[in-house]
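Listed here are the chains, written in short residue letters.
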Amino acid sequence: MQSPKAFTITAHGATLPAIGYGTMLLPERPAELVAHAIRSGYRAIDTARKYGTEERVGEGIRASGIARGELFVTTKVTEDNAREADFMRSVETSLKTLGLDYVDLLLVHWPQPKVPFAETLGALVKAKRGGFARHIGVSNFTLAMLDEAVHVCPEPLVTNQIEYHAYLPQDRMIAALKKYGMILTAYCPVARGELLTDPVIVAIAKAHGKTEAQVALRWLIQQPMVAAVPRALTEAHIEQNLDIFDFSLTETEMRDVSALRTRKLRIADPPERAPKWDDEDVGA
Ligand SMILES: NC(=O)c1ccc[n+]([C@@H]2O[C@H](COP(=O)([O-])OP(=O)(O)OC[C@H]3O[C@@H](n4cnc5c(N)ncnc54)[C@H](OP(=O)(O)O)[C@@H]3O)[C@@H](O)[C@H]2O)c1
């Protein structure tokens, strides 16, 4: 496998690996899986206070034998901690639980409409300026929220981490992020497996001698300024999800996969915290 370090995306001084290991919903063995991912070549690990996996992510990092400075660790602050004092406490708890002095990227996990963005983003910036996070960003922000966040935030936001895969178009968000020089980090990048039986994906995978998951991920990271954080619990899946840098999709294949967007499948939509999403016009 080629060095995954070659496949990075930069934005506002942050160098983000195009593929990171997502750690939501890991079962009993997350520390071993995280260590396996890092030993397989992953350099980015995505966790969150909400996932309850920070402790195991820290253990996995230490068990991997790879130096901290080689890794790009992301964690997130929940919408319950959007007030400044709660936010800072959450960041400190995350670092303590991870066993790290800093994270590479700190995200506001979900927007909290009851707290002014200026307060939450002010706390995010405070965490960065205090050395707790090297870079900052948001997650699950809509177009209007992203505009507001960029305007009230005195430090650059590096990414908006959102659901993105071939069944869910994000053209307008991609255009907005481009305007702000930000990365789209795609979660649910293989649509939790839904994409893997699609005949279009199956045919392209066959043509390249690759798996369906590799095609789904390649389609994402072949787009400018798009990174992805697939989760996998089996070691073979972990390894193959990073092994996508030795082939590319043709323009026609990219278009064929993009055409699957008409399904408009949104997977992560928790009613208690999801904003009113921007609808994409998927055409006729
Ligand atoms: N910011 C947010 O609000 C947010 C929300 C959701 C997720 N996330 C992040 O995004 C990460 C990924 O999202 P996700 O876990 O929801 O969905 P996902 O990565 O699209 O799907 C994970 C599922 O796909 C399967 N899979 C992965 N690679 C595969 C492969 N090569 N072959 C066959 N099956 C494969 C996995 O199976 P196996 O387990 O059997 O390998 C697992 O069941 C999360 O872990 C989390 O870090 C963030």
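Relevant structure appears above.
The text that follows walks through the structure, step by step, so that each part is easy to find. (Residues numbered from 1 in each chain as written. Predicted model: local features only at pLDDT ≥ 70, side-chain atom pairs only at ≥ 80, totals over all residues. Heavy atoms only, no water.)

1. Some words on the pattern of salt bridges
If you walk through the whole model with that rule in mind, you get 16 salt bridges. For Lys50, the salt bridge goes to Glu79, with nearest N and O atoms at 3.1 Å. Within this pair, whereas Lys50 is found in the loop between strand S4 (44-46) and helix H2 (54-64), its partner Glu79 is found in the loop between strand S5 (72-77) and helix H3 (84-98), the two being separated by 29 residues in sequence. Take Lys50: its relative accessible area is 29%, and that puts it in the partly exposed class. Residue Glu79 is classed as buried on the basis of its relative accessible area, which comes to 8%. Taking the shortest distance from any N to any O, the salt bridge between Lys210 and Asp246 comes out at 2.9 Å. With Lys210 in the loop between helix H7 (199-208) and helix H8 (212-221) and Asp246 in the loop between helix H9 (235-242) and helix H10 (251-258), this pair connects stretches of sequence that are 36 residues apart. (Salt bridge = Lys/Arg side-chain N within 4 Å of Asp/Glu carboxyl O. Helix = DSSP H or I, 4+ residues; strand = E, 2+ residues; numbered from the N terminus. Buried < 20%, exposed > 50% of the residue type's maximum accessible area, 1.4 Å probe, protein only.)

2. A few points about the nonpolar core
The biggest cluster of nonpolar side chains holds 88 residues, and the ones touching the most others in it are Ile19, Tyr21, Phe87, Leu106, Leu121 and Leu157. Those residues within four positions of Phe87 in sequence are excluded, and the remaining contacts are Val77, Asn81, Leu106, Val108, Thr120, Ala123 and Leu124. The next biggest cluster of nonpolar side chains, apart from the first, holds 6 residues, and it includes Trp110, Val229, Ala268 and Trp277. (Core = buried A, V, L, I, M, F, W, Y, C linked by side-chain atoms within 4.5 Å. Contact = heavy atoms within 4.5 Å.)

3. Brief notes about the packing of H3 against helix H4 (residues 117-129)
Where H3 meets H4, the axes come as close as 9 Å, and the angle between the chain directions of the two elements is 35 degrees. Seen along the crossing, H3 lies across H4 with a hand that is right-handed. Where H3 abuts H4, its residues Glu84, Phe87, Met88 and Val91 lie against Glu119, Thr120, Ala123, Leu124, Lys126 and Ala127. In the contact of H3 with H4, the residues fall into 6 nonpolar, 1 polar and 3 charged. (Axes fitted to C-alpha atoms, helices over the stretch in contact; angles between N-to-C directions. Left-handed = near helix turned anticlockwise from the far one by under 90°. Nonpolar A, V, L, I, M, F, W, Y, C, P; charged D, E, K, R; others polar.)

4. With respect to the sheet that holds strand S9 (residues 183-187)
Taken in spatial order, the 8 strands of this open sheet run S3-S4-S5-S6-S7-S8-S9-S10, and their pairing is parallel. Looking at strand neighbours, the two that pair on one side only are strand S3 (21-22) and strand S10 (226-228), the edges of this open sheet. Note: strand S8 (residues 157-163) against S9, 5 bridges, orientation parallel. If you follow Gln161 over to S9, its bridge partner there is Thr185. (Pairing = 2+ DSSP bridges.)

5. Some details on the site of the ligand
Taken together, 29 residues sit near the ligand, with Asp46, Arg192, Arg231, His237 and Gln240 positioned nearest. Within the backbone of Val229, a nitrogen or oxygen atom sits 3.5 Å from an oxygen atom of the ligand. Within the side chain of Asn241, a nitrogen or oxygen atom sits 2.8 Å from a nitrogen atom of the ligand. With the chains in place, 89% of the 900 Å² that the ligand exposes on its own is no longer accessible. According to the grid-proximity analysis, the pocket containing the ligand is the largest pocket. (Near = heavy atom within 4 Å. Polar contact = N/O pair within 3.5 Å; in protein donor to acceptor, adjacent residues only side chain to side chain. Areas by Shrake-Rupley, 256 points an atom, 1.4 Å probe, with all protein chains shown as cover. 1 Å grid on protein atoms, 1.4 Å probe; cavity = no way out; pocket = protein on both sides within 12 Å on 5 of 7 lines; lining within 4 Å. Sits in = over half its atoms within 2 Å of the grid points.)

6. Here's the deal with the packing of aromatic side chains
A complete count under the given rule lists 5 aromatic pairs for this structure. With centroids separated by 5.1 Å and ring planes inclined at 25 degrees, the aromatic side chains of Phe117 and Phe141 adopt a geometry described as stacked. One end of the pair, Phe117, is in helix H4; the other, Phe141, is in the loop between strand S7 (133-139) and helix H5 (143-152), with 24 residues separating them in the sequence. Neither residue differs from the other here; Phe117 and Phe141 are each classed as buried. Consider the rings of Tyr164 and Trp219, whose centres lie 5.5 Å apart with planes at 50 degrees: the pair is tilted. Of this pair, Tyr164 sits in the loop between S8 and helix H6 (171-179) while Trp219 sits in helix H8, placing them 55 residues apart in sequence. For Tyr164, a relative accessible area of 3% gives the class buried. The positively charged end of Arg263 is found above the aromatic ring belonging to Tyr167, 4.6 Å away from the centroid. (Phe/Tyr/Trp six-rings, centres within 6.5 Å; stacked < 30°, edge-to-face > 60°. Lys NZ or Arg CZ within 6 Å of the ring centre and 35° of its normal.)

7. A few points about the pairing of S7
Where burial is concerned, most of S7 is hidden: 6 out of the 7 residues are buried. Pairing between strand S6 (residues 103-108) and S7: 5 bridges, direction parallel. Opposite Leu105, over in S7, you have His135 as the bridge partner. The pairing of S7 with S8 spans 3 bridges and is parallel. In the strand pairing of S8, Ile136 is matched with Leu157. Following the backbone out of S7, through H5 and into the adjacent parallel S8, one traces a crossover that is right-handed. (Right-handed = clockwise from strand over helix to strand, strands pointing away.)

8. Looking at the side chain of Asn160
Along the chain, Asn160 turns up in strand S8. A relative accessible area of 0% means that Asn160 is categorised as buried. Separated by 3.4 Å, the side chain of Asn160 and the backbone nitrogen of Asn140 make a polar contact. With residues up to four places along the chain from it excluded, the contact list for Asn160 reads Val138, Ser139, Asn140, Phe141, Leu146, Met173, Leu177, Met182, Ile183, Leu184 and Thr185.

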